[in-house]
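Close look at the chain arrangement
What follows is each chain in one-letter form.
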Amino acid sequence: MSVPAAILISGRGSNMLALIEACKAPDFPAHIVQVISNRPQAPGLDIARQHGIDTRVVDHTDFASRAAFDQALGRALRESGAHLVCLAGFMRLLGPDLVHAWHGRMINIHPSLLPAFKGLNTHERALQAGVSEHGCTVHFVSAGMDEGPVIGQESVPVKPEDTPQTLARRVLEAEHRLYPACLRALAQGRITPQSPQIQS
Ligand code: GRF
């Protein structure tokens, strides 16, 4: 049984691609039914199409309010047939109704070891803070930004010569390993918001 999943993006789509590639393995328990972007120009849309994945744009600038955008996005997700949703560089905050509707079925990847460095510019802030370890987190989506039960984390060392760019690259490689592993666990029904940590 393979679970249908949708991916929400706003930009480059490298995590999206990691999920698409992982889903190609015959034993992977999920498949991607659609990639939805809130930005028509997101480079990830072309990458998805090149991999034969259906795409859709729900442009937030077409809507007068956040609630109206959320309603359209919710409709698009239902129409996609997805049972699970992966946010992969999706740069809009979702309102409580949409988050509630997908409770336990919507996950996000964030480029820090949460709860450290919520929000933007995580690599710059990690370097400024002088931490020796940085990394990424996959978590269930809840109403607060970059909150919600943590499913998995992968840490990477911070090196003395790191710039935000070199650190971002190291973290991104970890993201591309972590996210498919977390989607696999979710699709297999091995995790819930009450019991979110992957048991091996
Ligand atoms: C990633 O670092 C992800 O953790 C964050 O936004 C970035 C998106 O990159 N939420 P990409 O579009 O997946 O390449």
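Preceding this section is the structure that the text describes.
First things first, this report covers the structure right here in the doc. (Residues numbered from 1 in each chain as written. Predicted model: local features only at pLDDT ≥ 70, side-chain atom pairs only at ≥ 80, totals over all residues. Heavy atoms only, no water.)

So, on to the overall build of the protein. From N to C terminus, the protein includes 6 helices and 7 strands. Ordered by position from the N terminus, the helices and strands of the protein form the series β-α-β-α-β-α-β-α-β-α-β-β-α. Against the globule reference of 16 Å for 200 residues, the protein gives a C-alpha radius of gyration of 16 Å, in line with a compact fold. The C-alpha extent of the protein, read off along each of the three principal axes, is 50 × 40 × 35 Å. By the burial criterion, 50% of the 200 residues in the protein qualify as buried. The long-range fraction of contacts in the protein, counting pairs at least 24 apart against all pairs at least 6 apart in sequence, stands at 62%. (Helix = DSSP H or I, 4+ residues; strand = E, 2+ residues; numbered from the N terminus. Rg over C-alpha atoms; globule rule 2.2 N^0.38 Å. Buried < 20%, exposed > 50% of the residue type's maximum accessible area, 1.4 Å probe, protein only. Contact = heavy atoms within 4.5 Å.)

In this section: the site of the ligand. Neighbouring the ligand are the residues Arg12, Gly13, Ser14, Asn15, Gly89, Ile109, His110, Pro111 and Glu175. Arg12 places a side-chain nitrogen or oxygen 2.6 Å from an oxygen atom of the ligand. One of the side-chain nitrogen or oxygen atoms of Glu175 is found 2.7 Å away from an oxygen atom of the ligand. Burial of the ligand by the protein amounts to 85% of the accessible area it has alone, namely 360 Å². Secondary structure elements with two or more residues in the shell around the ligand: helix H1 (14–23) and strand E5 (106–110). Taken together, the residues that form the shell around the ligand break down as 2 nonpolar, 5 polar and 2 charged. (Near = heavy atom within 4 Å. Polar contact = N/O pair within 3.5 Å; in protein donor to acceptor, adjacent residues only side chain to side chain. Areas by Shrake-Rupley, 256 points an atom, 1.4 Å probe, with all protein chains shown as cover. Nonpolar A, V, L, I, M, F, W, Y, C, P; charged D, E, K, R; others polar.)

Take the side chain of Thr55 next. If you trace the backbone, Thr55 turns up in strand E3 (residues 55–57). Overall, the relative accessible area of 19% leaves Thr55 in the buried class. A polar atom in the side chain of Thr55 sits 3.1 Å from the side chain of Arg49. Those residues within four positions of Thr55 in sequence are excluded, and the remaining contacts are Gln34, Val35, Leu45, Ala48 and Arg49.

A separate point is the packing of H1 against helix H6 (residues 164–187). Where H1 meets H6, the axes come as close as 9 Å, and the angle between the chain directions of the two elements is 45°. The orientation of H1 with respect to H6, classified from their angle, is oblique. Crossing angle aside, the handedness with which H1 passes H6 is right-handed. Contacts between H1 and H6 involve Ser14, Asn15, Ala18, Leu19, Ala22 and Cys23 from the first element and Leu172, Glu175, His176, Tyr179, Pro180 and Leu183 from the second. (Axes fitted to C-alpha atoms, helices over the stretch in contact; angles between N-to-C directions. Parallel < 35°, antiparallel > 145°, perpendicular 65-115°, else oblique. Left-handed = near helix turned anticlockwise from the far one by under 90°.)

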